[in-house]
Amino acid sequence: MAATPLMAASTAQKLHAIKGERHLFSSSDDNIIMKQIHQTHSPEGRDLDVRPVLSVVEEVLRRANPSFVLTAATHQNQLEPVHEASQHTGLTLMLEAIAFTVHRIAYEVTYKCSGAGDAHSTTMAVFHTLSTFTWDAKAVMALAALAVNYGEFWLTAQLHAVNPLAKSLALLKQIPDIIEHTHVLKARFDAINNLITVMLNVTKSIIEFTELPSDYISPDSPDMTMTMAHIPTAVYWVIRGVVACISQTIGLIGIGHEYISSTTEAWELSTIAHKLANIHGHLTKQLELCNKYIDGKRHHEAYQTLVRLFETIHIDNMKILRALIYSKDDLPLFDSFTKKRVGVDVLRRKLVMLFISDLDISHEELFILVQIYQDIHHSKIERNYEIVWLPVTDRYQPWTEDREDDFNRLASNMPWYRLHHPSLLQPAVIRYIRDVWHFEKKPILVVLDPQGKVVCPNAIHMIWIWGSLAFPFTSGREEALWKEETWKLELLIDEIDQTILSWIREGKYVCLYGGEDIEWIRNFTKLLKKVAQEAQVALEMVYVGKSNPKGIKKAIAIIKEEKLSSYWDDPAMVWFFWVRLESMWYSKMQHGRNVEEDQIMQEVMQMLSFGGSDEGWAIISHGLFDMLKSHGKKLHDCLLDFENWKASVELEGFIPALAKALLPYHTHEHCTRLILPGDTGQIQEKVICAECKLPMEKYVLFRCCKD
């Protein structure tokens, strides 16, 4: 359709008005605009729930575009189901209350956009109409007016080919053939739809600010004050965008498609969209800051609640467990036996052992803990306790498929209860676990009695040392068990190797040795066997490696090939031997013991120094009390001199004679390394060397030695 001179003149006037307003997009005039806006703002204090209204508006605007026109034309009998926003309780009453104002805005903007009025004046007219409403309501109602206008336009275009009423209405409105010339109009409609998307995003952000809980963040707080200062600007540009979109719709009516491919209108839409995108980015950042502040307040409140709960006496453990194990979920736990989700009620008035770890648990660690757990369950002990795994993960690290696989792999190997998912462990609980129970990297086992009271801050050590004998895993039981212990080979071996226990019962001499110096291992094993034969003592030797298993595979392979001695082929046995020694140290530390006064701690400390060294070492035991340990070189040199102290063996016994012969070899030129993983907060500032009795220097060692 050819354009008349009148149409051309009208279009020219509009273009002139748009070009004349470009200065309004500069930030230098923002203060003037804001002053005008604030003069129109006098809310009556009505709080409107605008979210359901915005949902309806969003549904309209989502369908008001060329893709739905084409879909309707192609699939006339296939209607897309409508979302349930229209079913929201109270929505009808809300729409009745605002309907007149919304339609008034739609017609007022349509009227002004049909003349030569500038967009800013039209926008300010809308602000005057909405003067009694809150900022978020202003934005939503302006968008509702756009939905009425733009939705009506597209509904007519959508149905004009199939509905006689729509066809006649399209004829009266002189709506061009949208479908036929979609390619010509694409840039225009893309710009409109992009602007609508940004306006909706900004409006949602404004609503989110109004919904922030005042109990946790005051309107006078710096973050809120800064944000609220920008919201009037955001609302202005939303309404300005509404005016621009309605203006574009008016411009399409009665104008041939050859006139509607101009880039000037698209420029205006893109400029407003760019302005709103910047505003949305700023609001999003401020919203993140506010939510972070609110989360911090909530987490602190939840943390203090936990502190108070653990300081209070309870009749059962339910309040404690619900605070720890996500009370908002009715079934937060997973029963590994029944493979079903369960509530915390299954733990009511039971002894509960909280197994706390990250996702980096070694195979040996989990394997042995499961074995001990099953041994306890198969014993005659009445099952009135449960283990619950609480996986502590880094919230700032993305939860990937690999991490999900790690979690599922660990969970599948655990026969006890576990948290259904790590995300259910709240930040306040993680903070309490780290601050109060001192969880860092190494797994811990916190024991709660049937009333929820902590009866042992970490039972993992007594579990490693005594297994089922440690039941009911209280600190009192741990203290009682230590009173019964003395330093002997049975304490070192426990049930790790039944063969060694048999040798002890048979009265044999047993030598445990380690390190990874292959030449020393060859020379020492051959020499000790020769000396034992000459001394006529029954001797058995077992290689137990070192606390860091890296490097011992090669040593074990040579020992096996050359048949130098017995050895532990299972890495879990080597790991467990050394972790039990570490547990003895930490268990003693938990009970306030120190190296200066506790003999077992002295012996354990020297064993741990052996385990942290690459050099050879050995411990030789016989009977209940005869036990000798030494650095490898000293022992080797002493054994080479066997002829000079051989006569003492028959009179004093092999180990006493060897101990006396070793005395001249002791020297103050030594370097004892004590390497202890985890629990650094519980290590005493002053640690005395077990060899020279002088204070040791304190260092922090971080080590990564994986095969």
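Just so it is clear, the structure is predicted and the values come from calculations on it, not from any experiment. (Residues numbered from 1 in each chain as written. Predicted model: local features only at pLDDT ≥ 70, side-chain atom pairs only at ≥ 80, totals over all residues. Heavy atoms only, no water.)

Q: Account for the overall build of the protein chain, with residues named and values stated.
A: From N to C terminus, the protein chain includes 26 helices and twelve strands. Every one of the 707 residues in the protein chain was classed for burial, and the buried ones make up 49%. (Helix = DSSP H or I, 4+ residues; strand = E, 2+ residues; numbered from the N terminus. Buried < 20%, exposed > 50% of the residue type's maximum accessible area, 1.4 Å probe, protein only.)

Q: Account for the packing of aromatic side chains, with residues named and values stated.
A: This structure, assessed with the given rule, holds 27 aromatic pairs. Taken together, a centroid distance of 4.9 Å and an interplanar angle of 75° make the contact between W466 and W482 edge-to-face. Taken together, the positions of W466 in helix 16 (residues 460-466) and W482 in helix 17 (residues 475-483) put the pair 16 residues apart, joining distant regions of the chain. Here W466 and W482 have matching classes, each one buried. A centroid spacing of 4.6 Å and a plane angle of 10° characterise the contact between W520 and F524, whose relative ring orientation is stacked. With W520 and F524 both in helix 20 (residues 518-535), this residue pair falls four residues apart, about one helical turn. Here W520 and F524 have matching classes, each one buried. Three or more aromatic residues link up through ring pairs in this structure, and these residues are W568, F577, W578, F610 and W617. One Lys or Arg, K588, reaches over the ring of W482 and ends 4.3 Å from the middle of that ring. (Phe/Tyr/Trp six-rings, centres within 6.5 Å; stacked < 30°, edge-to-face > 60°. Lys NZ or Arg CZ within 6 Å of the ring centre and 35° of its normal.)

Q: How would you sum up the sheet that holds strand 10 (residues 566-567)? Please name residues and give values.
A: Read from one edge to the other, the open sheet built from five strands follows the order 10-9-8-11-12, with strand pairing classed as mixed. The strands lining the two open edges of the sheet, one partner per strand, are strand 10 and strand 12 (626-631). Summarising the sheet, strand 11 (residues 617-622) and strand 12 pair through six bridges and their orientation is antiparallel. Its bridge partner lying in strand 12, A618 is registered against S630. The strands touched by helix 23 (residues 599-611) within the sheet are strand 11 and strand 12, with strand 12 carrying the most contacts at an inclination of about 40°. (Pairing = 2+ DSSP bridges. Contact = heavy atoms within 4.5 Å. Axes fitted to C-alpha atoms, helices over the stretch in contact; angles between N-to-C directions.)

Q: How would you explain the pattern of salt bridges if you had to name every residue and give the values?
A: Enumeration over the complete set of coordinates arrives at 24 salt bridges. Two residues, K508 and E506, come together in a salt bridge whose shortest N-O distance is 3.7 Å. The class for K508 is partly exposed, based on a relative accessible area of 23%. (Salt bridge = Lys/Arg side-chain N within 4 Å of Asp/Glu carboxyl O.)

Q: Kindly report on the sheet that holds strand 6 (residues 444-448), identifying the contributing residues and their values.
A: Sheet architecture is open: seven strands sit in the order 2-1-5-4-3-6-7, paired in mixed fashion. Every other strand in the sheet has two partners, leaving strand 2 (340-342) and strand 7 (454-456) as the edge strands with one partner each. Averaged over neighbouring strand pairs, the angle between their axes works out to 35° when direction is ignored. Its contacts with the sheet put helix 14 (residues 401-412) on strand 4 (385-391) and strand 5 (417-419), and the angle it makes with strand 4 is roughly 170°.

Q: So what about unusual backbone geometry? Which residues, and what values?
A: With omega at 5°, the peptide bond leading from F471 into P472 counts as cis. On the secondary structure map, P472 appears in the loop between helix 16 and helix 17. Phi angles above zero are rare outside glycine, and H438 is one such case at about 60°. By the secondary structure assignment, H438 is in the loop between helix 15 (427-435) and strand 6.

Q: How would you explain the pairing of strand 8 (residues 509-514) if you had to name every residue and give the values?
A: When you tally the buried positions in strand 8, you get six out of six residues, the bulk of the element. Because side chains alternate across strand 8, one face comprises the buried residues Y509, C511 and Y513, and the other comprises V510, L512 and G514, equally buried. One ladder, built from six bridges, connects strand 8 with strand 9 (residues 539-545); its direction is parallel. Its bridge partner being in strand 9, Y513 is matched across the sheet by Y543. Traced from strand 8 through helix 20 to strand 9, the parallel crossover comes out right-handed. Examined bridge by bridge, strand 8 and strand 11 share five bridges and lie antiparallel to one another. (Right-handed = clockwise from strand over helix to strand, strands pointing away.)

Q: Which residues make up helix 23, and what are the values?
A: For helix 23, with 13 residues, the first-to-last C-alpha span of 19 Å sits near the 18 Å given by 1.5 Å per residue. Among the 13 residues that make up helix 23, eleven are buried, leaving the element largely enclosed by the rest of the structure. If you check which residues of helix 23 are buried, you get I600, M601, E603, V604, M605, Q606, M607, L608, S609, F610 and G611. Contact partners of the buried residues in helix 23: helix 17, helix 18 (489-493), helix 22 (571-590), strand 11 and strand 12. The opening residue of helix 23, the one whose side-chain oxygen lies 3.0 Å from the backbone nitrogen of I600, is D598. (Expected span 1.5 Å × (residues − 1). Polar contact = N/O pair within 3.5 Å; in protein donor to acceptor, adjacent residues only side chain to side chain.)

Q: Go over helix 22 with me, naming the residues and quoting the values.
A: With 20 residues, helix 22 extends 28 Å from end C-alpha to end C-alpha; this agrees with the ideal 28 Å at 1.5 Å per step. Of all 20 residues making up helix 22, 17 are buried, and the element is well covered by its neighbours. For helix 22, the N-terminal cap is D570; the gap from its side-chain oxygen to the backbone nitrogen of A572 is 3.0 Å. Of the residues one or two after helix 22, G592 is the one with positive phi, at around 75°.

Q: Explain the packing of helix 22 against helix 23 to me, using residue names and the numbers behind them.
A: Packing of helix 22 against helix 23 leaves a shortest axis separation of 10 Å and a crossing angle of 140°. Here helix 22 lies oblique to helix 23, going by the angle between them. With respect to the hand of their crossing, helix 22 and helix 23 are arranged in left-handed fashion. Judged by residue contacts, F577, W578, L581, E582, M584, W585, K588 and M589 of helix 22 engage I600, M601, V604, M605, M607, L608 and G611 from helix 23. Per-class residue counts for the contact of helix 22 with helix 23 are twelve nonpolar, one polar and two charged. (Parallel < 35°, antiparallel > 145°, perpendicular 65-115°, else oblique. Left-handed = near helix turned anticlockwise from the far one by under 90°. Nonpolar A, V, L, I, M, F, W, Y, C, P; charged D, E, K, R; others polar.)

Q: Tell me about the environment of G151, and please be specific about residues and values.
A: Assignment of secondary structure puts G151 in helix 7 (residues 135-159). What G151 contacts, discounting residues up to four positions off in sequence, is V60, A64 and L146.

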